[in-house]
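Structural description and commentary
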Amino acid sequence: MRRAIYPGSFDPVTNGHLDIIERSCKLFDEIIIGILVNPEKQPFFSIEERCDMLTQVLQEINRGSCDVRVDSFQGLLVNYAVAQHAHAIVRGIRAISDYEYELQMALMNRRLEPSIETVFMMSAETYTYVSSRLVKEVFQLGGVLDGLVPPLIEKRMKEKMNNREP
Ligand code: PNS
């Protein structure tokens, strides 16, 4: 039984994240999507909204026999991974520019908790430029999000924008 944590902010989840989850499903029996609760950041979506959206869009991907669930965590990722009895942390790498930061984190996590391995997964070429930050920027400036996020996420972003205080 191999269990992995796929941690991140997922604000919002993109097609790039879902691609990494689908690929990880081929390697692990169980994946826990760990959404970081970061009190220092002002997110677009609350933790509850992100959990709910992720749970919904996960129904549409190919998970094979892998059990995928969504959770949130605070504090050190490795402490959370140990508490969940995970064997690995999955991180997606889009371009070489991601590598330096990811390597730093992976090595720090290894120093903190040598029993947990970090596994880097390469996203599909189609998503190498897709990030939650850019998705939000394009959306807020009126750009089209087709193919970047699932339709449900774009819909929720529009609803959120329309319900915002003026
Ligand atoms: O989607 P993101 O924002 O790139 O994810 C970053 C994340 C959540 C993986 C990273 O910030 C993290 O692990 N935070 C938890 C705190 C922690 O363990 N910090 C030390 C990392 S070496």
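These notes cover the structure that comes with them.

Cut-offs and rules
Residues numbered from 1 in each chain as written. Predicted model: local features only at pLDDT ≥ 70, side-chain atom pairs only at ≥ 80, totals over all residues. Heavy atoms only, no water. Axes fitted to C-alpha atoms, helices over the stretch in contact; angles between N-to-C directions. Helix = DSSP H or I, 4+ residues; strand = E, 2+ residues; numbered from the N terminus. Parallel < 35°, antiparallel > 145°, perpendicular 65-115°, else oblique. Left-handed = near helix turned anticlockwise from the far one by under 90°. Contact = heavy atoms within 4.5 Å. Nonpolar A, V, L, I, M, F, W, Y, C, P; charged D, E, K, R; others polar. Core = buried A, V, L, I, M, F, W, Y, C linked by side-chain atoms within 4.5 Å. Buried < 20%, exposed > 50% of the residue type's maximum accessible area, 1.4 Å probe, protein only. Polar contact = N/O pair within 3.5 Å; in protein donor to acceptor, adjacent residues only side chain to side chain. Salt bridge = Lys/Arg side-chain N within 4 Å of Asp/Glu carboxyl O. Near = heavy atom within 4 Å. Areas by Shrake-Rupley, 256 points an atom, 1.4 Å probe, with all protein chains shown as cover.

Taken N-terminus to C-terminus, the directions of helix 5 (residues 132-140) and helix 6 (residues 151-162) make an angle of 55°; their axes are 12 Å apart at the nearest point. The pairing of helix 5 with helix 6 is recorded here as oblique in orientation. Crossing of helix 5 over helix 6 shows right-handed handedness. In this structure, helix 5 contributes Val-135, Lys-136, Phe-139 and Gln-140 to the contact, and helix 6 contributes Met-157, Lys-158 and Met-161. Per-class residue counts for the contact of helix 5 with helix 6 are four nonpolar, one polar and two charged.

Counting 36 residues, the largest nonpolar core has Tyr-6, Ile-21, Ile-31, Ile-33, Val-68 and Met-157 as its most contacted members. Taken together, the elements giving at least two residues each to this core come down to strand 1 (3-8), helix 1 (15-25), strand 2 (30-36), helix 2 (47-58), strand 4 (88-93), helix 5 and helix 6. It is helix 2 that provides the largest number of residues to this core, a total of six residues. Apart from residues lying up to four places away in sequence, Val-68 is in contact with Ile-21, Cys-25, Ile-31, Ile-33, Leu-58 and Arg-63. Ile-5, Phe-73, Val-78 and Ala-86 belong to the second largest nonpolar core, which has ten residues in total.

A few words on the side chain of Asp-19. With respect to the helices and strands, Asp-19 occurs in helix 1. Side-chain polar atoms of Asp-19 contact the backbone nitrogen of Ala-124, separated by 2.8 Å. Each residue touching Asp-19, except ones within four places of it in the same chain, is listed here: Ser-123, Ala-124 and Tyr-127.

Attention now goes to the pattern of salt bridges. Under the criterion given, the structure shown has twelve salt bridges. Between Lys-160 and Glu-49 there is a salt bridge, with its nearest N and O atoms 2.8 Å apart. Taken together, the residues span a long stretch of sequence, with Lys-160 in helix 6 and Glu-49 in helix 2 at a distance of 111 residues. Ionic pairing is found between Asp-98 and Arg-94, a salt bridge with its closest N-O pair at 3.0 Å. Looking at Arg-94, the relative accessible area reads 34%, which means it is partly exposed. One network of salt bridges, with partners in common, ties together Arg-3, Glu-30 and Arg-69.

Further remarks concern the site of the ligand. In the vicinity of the ligand, the contacting residues are Gly-8, Ser-9, Leu-36, Phe-73, Gly-75, Leu-76, Leu-77, Arg-91, Met-105, Met-108 and Asn-109. In the model, an oxygen atom of the ligand is placed 2.7 Å from a nitrogen or oxygen of the Ser-9 side chain. In this structure, an oxygen atom belonging to the ligand sits 3.0 Å away from a side-chain N or O atom of Arg-91. Calculation on the ligand without its partners gives an accessible area of 550 Å², and the protein chains cover 75% of this total. Of the residues forming the shell around the ligand, the biggest block, three residues, is contributed by helix 4 (residues 96-112). Of the residues that constitute the shell around the ligand, the class distribution is six nonpolar, four polar and one charged.

By themselves these figures say nothing about function.
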